[in-house]
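# Inside the fold
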Amino acid sequence: MRNIVFGILILGCALLSCKSDDESLQRIDQILNIYMKSNTNPDLLNSKKAGSYSGFSVNDMFGNRDVSPVNVPLRMTSDSLFYMEYIAGAKRRRLDSVSPASPGTGTSFHSKMTLALRTTVNNVTDTIVDTLEIQYRMSPTLFQVSKVLYNSKEVFSKSADAPNSINTVIIEK
(Lines give C-alpha, C1' and ligand atoms only; values in the text may rest on other atoms or scores of the structure.)
Protein backbone atom coordinates (compact mmCIF):
# COMPACT_ATOMS: atom_id res chain seq x y z
CA MET A 1 0.00 0.00 0.00
CA ARG A 2 2.83 2.34 0.86
CA ASN A 3 4.42 1.76 -2.59
CA ILE A 4 1.12 2.60 -4.31
CA VAL A 5 0.76 5.91 -2.45
CA PHE A 6 4.40 6.73 -3.19
CA GLY A 7 3.86 5.88 -6.89
CA ILE A 8 0.76 8.09 -7.07
CA LEU A 9 2.67 10.93 -5.40
CA ILE A 10 5.55 10.61 -7.95
CA LEU A 11 3.08 10.47 -10.85
CA GLY A 12 1.29 13.58 -9.57
CA CYS A 13 4.57 15.49 -9.29
CA ALA A 14 5.56 14.44 -12.81
CA LEU A 15 2.24 15.62 -14.22
CA LEU A 16 2.50 18.97 -12.47
CA SER A 17 6.04 19.51 -13.77
CA CYS A 18 4.80 19.01 -17.37
CA LYS A 19 2.36 21.90 -17.01
CA SER A 20 3.09 24.85 -19.30
CA ASP A 21 1.73 28.34 -19.36
CA ASP A 22 0.99 30.50 -22.40
CA GLU A 23 3.90 32.83 -21.69
CA SER A 24 6.35 30.01 -22.43
CA LEU A 25 5.08 29.73 -26.02
CA GLN A 26 6.84 31.54 -28.85
CA ARG A 27 4.56 33.77 -30.93
CA ILE A 28 5.26 33.19 -34.63
CA ASP A 29 4.23 35.83 -37.16
CA GLN A 30 5.87 35.36 -40.56
CA ILE A 31 3.25 35.16 -43.34
CA LEU A 32 3.48 37.86 -46.03
CA ASN A 33 0.85 38.70 -48.64
CA ILE A 34 2.71 40.67 -51.31
CA TYR A 35 0.69 42.84 -53.70
CA MET A 36 2.20 44.69 -56.69
CA LYS A 37 0.64 47.71 -58.31
CA SER A 38 1.49 50.82 -60.29
CA ASN A 39 -0.20 54.19 -60.61
CA THR A 40 -1.90 52.92 -63.80
CA ASN A 41 -2.50 49.28 -62.83
CA PRO A 42 -3.87 48.22 -59.41
CA ASP A 43 -2.89 44.55 -59.98
CA LEU A 44 0.45 43.88 -61.69
CA LEU A 45 0.20 40.17 -60.82
CA ASN A 46 -2.93 39.55 -62.91
CA SER A 47 -1.37 38.11 -66.07
CA LYS A 48 -4.64 38.59 -68.00
CA LYS A 49 -4.49 42.39 -67.62
CA ALA A 50 -2.51 44.43 -70.14
CA GLY A 51 0.65 45.86 -68.61
CA SER A 52 0.86 43.19 -65.89
CA TYR A 53 3.56 40.60 -65.37
CA SER A 54 3.00 37.39 -67.32
CA GLY A 55 4.76 35.33 -64.65
CA PHE A 56 7.37 35.34 -61.90
CA SER A 57 9.88 33.12 -60.12
CA VAL A 58 11.64 33.52 -56.79
CA ASN A 59 15.22 32.46 -55.99
CA ASP A 60 16.91 32.27 -52.57
CA MET A 61 20.08 34.39 -52.64
CA PHE A 62 21.37 32.51 -49.56
CA GLY A 63 20.54 29.10 -51.06
CA ASN A 64 22.94 26.18 -51.34
CA ARG A 65 23.14 26.54 -55.13
CA ASP A 66 23.01 29.44 -57.57
CA VAL A 67 19.49 28.36 -58.46
CA SER A 68 17.58 27.71 -55.23
CA PRO A 69 13.89 28.23 -56.03
CA VAL A 70 11.49 29.37 -53.33
CA ASN A 71 7.85 28.34 -53.55
CA VAL A 72 5.74 31.51 -53.47
CA PRO A 73 2.24 30.68 -54.71
CA LEU A 74 0.03 33.21 -56.43
CA ARG A 75 -3.30 33.67 -54.63
CA MET A 76 -6.39 35.79 -55.23
CA THR A 77 -8.55 37.76 -52.80
CA SER A 78 -12.34 37.58 -52.80
CA ASP A 79 -12.38 40.84 -54.80
CA SER A 80 -10.11 39.30 -57.49
CA LEU A 81 -6.78 40.96 -56.60
CA PHE A 82 -3.74 38.71 -57.02
CA TYR A 83 -0.94 38.50 -54.46
CA MET A 84 2.12 36.38 -53.73
CA GLU A 85 1.85 34.43 -50.47
CA TYR A 86 5.22 33.95 -48.78
CA ILE A 87 5.14 31.70 -45.74
CA ALA A 88 8.69 30.34 -45.57
CA GLY A 89 11.33 28.66 -47.69
CA ALA A 90 14.27 31.03 -48.01
CA LYS A 91 17.26 30.55 -45.73
CA ARG A 92 17.74 33.05 -42.95
CA ARG A 93 21.05 34.51 -41.87
CA ARG A 94 21.82 36.36 -38.71
CA LEU A 95 21.66 40.08 -39.45
CA ASP A 96 23.35 41.40 -36.31
CA SER A 97 26.34 39.05 -36.43
CA VAL A 98 28.94 41.84 -36.00
CA SER A 99 27.43 43.37 -32.89
CA PRO A 100 25.01 41.29 -30.81
CA ALA A 101 21.59 42.72 -30.07
CA SER A 102 21.08 44.74 -26.93
CA PRO A 103 20.07 42.62 -23.94
CA GLY A 104 16.40 41.79 -24.03
CA THR A 105 15.85 42.71 -27.69
CA GLY A 106 16.61 39.30 -29.16
CA THR A 107 18.35 38.55 -32.42
CA SER A 108 17.72 39.77 -35.96
CA PHE A 109 17.76 37.58 -39.06
CA HIS A 110 17.13 38.21 -42.73
CA SER A 111 16.36 36.38 -45.95
CA LYS A 112 17.20 37.70 -49.41
CA MET A 113 15.53 36.62 -52.61
CA THR A 114 15.46 37.68 -56.23
CA LEU A 115 12.14 38.07 -58.01
CA ALA A 116 12.29 37.48 -61.74
CA LEU A 117 9.22 39.25 -63.13
CA ARG A 118 8.37 38.41 -66.73
CA THR A 119 6.56 40.75 -69.10
CA THR A 120 5.47 39.98 -72.63
CA VAL A 121 4.98 42.81 -75.13
CA ASN A 122 4.37 42.10 -78.84
CA ASN A 123 5.28 38.42 -78.28
CA VAL A 124 8.67 39.39 -76.82
CA THR A 125 9.38 38.32 -73.24
CA ASP A 126 11.49 40.51 -70.98
CA THR A 127 12.56 39.70 -67.43
CA ILE A 128 13.04 42.27 -64.68
CA VAL A 129 15.07 41.02 -61.70
CA ASP A 130 14.34 42.72 -58.37
CA THR A 131 15.39 41.89 -54.80
CA LEU A 132 13.25 41.22 -51.75
CA GLU A 133 14.74 41.24 -48.27
CA ILE A 134 12.73 40.10 -45.26
CA GLN A 135 14.05 40.98 -41.80
CA TYR A 136 12.91 39.09 -38.71
CA ARG A 137 13.22 39.61 -34.98
CA MET A 138 13.50 36.65 -32.67
CA SER A 139 13.40 36.29 -28.91
CA PRO A 140 12.34 33.40 -26.67
CA THR A 141 8.71 34.59 -26.94
CA LEU A 142 8.60 36.00 -30.49
CA PHE A 143 9.55 35.24 -34.08
CA GLN A 144 8.20 38.00 -36.30
CA VAL A 145 8.69 39.83 -39.59
CA SER A 146 10.05 43.23 -38.62
CA LYS A 147 10.80 44.84 -41.98
CA VAL A 148 10.57 44.16 -45.73
CA LEU A 149 12.81 45.90 -48.27
CA TYR A 150 12.15 45.82 -52.01
CA ASN A 151 15.16 46.84 -54.11
CA SER A 152 16.67 48.21 -50.86
CA LYS A 153 13.63 50.44 -50.22
CA GLU A 154 11.54 49.80 -47.10
CA VAL A 155 8.01 48.77 -48.05
CA PHE A 156 6.83 47.30 -44.72
CA SER A 157 7.70 47.51 -41.03
CA LYS A 158 6.16 46.22 -37.83
CA SER A 159 6.87 46.88 -34.17
CA ALA A 160 7.53 44.01 -31.78
CA ASP A 161 4.37 44.70 -29.79
CA ALA A 162 2.10 44.60 -32.87
CA PRO A 163 -0.43 41.75 -32.82
CA ASN A 164 -0.03 38.62 -34.94
CA SER A 165 -1.53 39.00 -38.38
CA ILE A 166 -0.97 38.20 -42.01
CA ASN A 167 1.40 40.96 -43.02
CA THR A 168 0.28 42.92 -46.07
CA VAL A 169 3.10 44.25 -48.23
CA ILE A 170 2.25 46.59 -51.10
CA ILE A 171 4.95 47.16 -53.71
CA GLU A 172 4.43 50.12 -56.00
CA LYS A 173 6.31 49.96 -59.27
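Quick note: structure is the one above.
Quick caveat, the model's predicted, so the values are computed rather than measured. (Residues numbered from 1 in each chain as written. Predicted model: local features only at pLDDT ≥ 70, side-chain atom pairs only at ≥ 80, totals over all residues. Heavy atoms only, no water.)

## Regarding the sheet that holds strand S5 (residues 82-86)
Condition: Should DSSP find at least two bridges between two strands, the strands are taken to pair. Each helix is a run of H or I in the DSSP string that is no shorter than four residues. Each strand is a run of E no shorter than two, and both are numbered from the N terminus. Angles here are taken between N-to-C directions and fall from 0 to 180 degrees, while the axes themselves are lines fitted to C-alpha atoms, restricted in helices to the stretch in contact.
What the four strands build is an open sheet, ordered S4-S5-S2-S11; its pairing is mixed. For this open sheet the edge positions go to strand S4 (74-76) and strand S11 (167-172), each flanked by a neighbour on one side alone. Neighbour to neighbour, the strand axes of the sheet diverge by 35 degrees on average, direction disregarded.

## Considerations on the pattern of salt bridges
Operational definition: In what follows, salt bridge is the name for a side-chain nitrogen of Lys or Arg lying within 4 Å of a carboxyl oxygen of Asp or Glu. Burial classes: relative accessible area under 20% of the type maximum marks a residue as buried, over 50% as exposed, and values in between as partly exposed (1.4 Å probe, protein chains only).
Counted according to the given criterion, the structure contains four salt bridges. As a salt-bridge pair, Lys158 and Asp29 come within 2.4 Å of each other at their nearest N and O atoms. Placement of Lys158 in the loop between strand S10 (153-157) and S11 and of Asp29 in strand S1 (residues 27-29) is noted, with a sequence separation of 129 residues between them. Between Glu85 and Arg75 there is a salt bridge, with its nearest N and O atoms 2.9 Å apart. On the criterion of sequence distance, the pair formed by Glu85 in strand S5 and Arg75 in strand S4 is long-range, its members being 10 residues apart. Given a relative accessible area of 36%, Arg75 falls into the partly exposed group.

## Section: the side chain of Asn59
The line we're drawing: Pairs of N or O atoms are called polar contacts if they sit within 3.5 Å, as long as, within protein, a hydrogen donor faces a hydrogen acceptor (for residues adjacent in sequence, only side-chain-to-side-chain pairs). We call two residues in contact whenever any of their non-hydrogen atoms come within 4.5 Å of each other.
With respect to the helices and strands, Asn59 occurs in strand S3 (residues 55-60). Classification of Asn59 by relative accessible area gives buried; the value is 17%. Polar side-chain contacts of Asn59 include one of 2.5 Å to the backbone nitrogen of Ser68. Asn59 has contacts with Asp66, Val67, Ser68, Pro69, Val70, Lys112, Met113 and Thr114, leaving out every residue within four places of it along the chain.

## Thoughts on the environment of Ser159
Checked against the element boundaries, Ser159 lands in the loop between S10 and S11. Its relative accessible area of 40% is what places Ser159 among the partly exposed residues. Through-space distance from the C-alpha of Ser159 to that of Lys147 is 9.0 Å; in sequence the pair is 12 residues apart. With residues up to four places along the chain from it excluded, the contact list for Ser159 reads Arg137 and Gln144.

## Concerning the nonpolar core
Put simply, the rule reads: What we call a nonpolar core is a set of buried Ala, Val, Leu, Ile, Met, Phe, Trp, Tyr and Cys residues that are connected through their side-chain atoms within 4.5 Å.
If you look at the biggest cluster of nonpolar residues, it comprises 27 residues, and the most contacted ones within it are Met36 and Tyr86. Listed by contribution, the elements that provide at least two residues to this core are strand S2 (32-37), S3, S5, strand S7 (107-121), strand S8 (124-139), strand S9 (142-150) and S11. The contacts of Met36, once residues within four sequence positions are left out, are Pro42, Asp43, Leu44, Leu45, Tyr53, Met84, Leu115, Leu117, Tyr150, Ile171 and Lys173.

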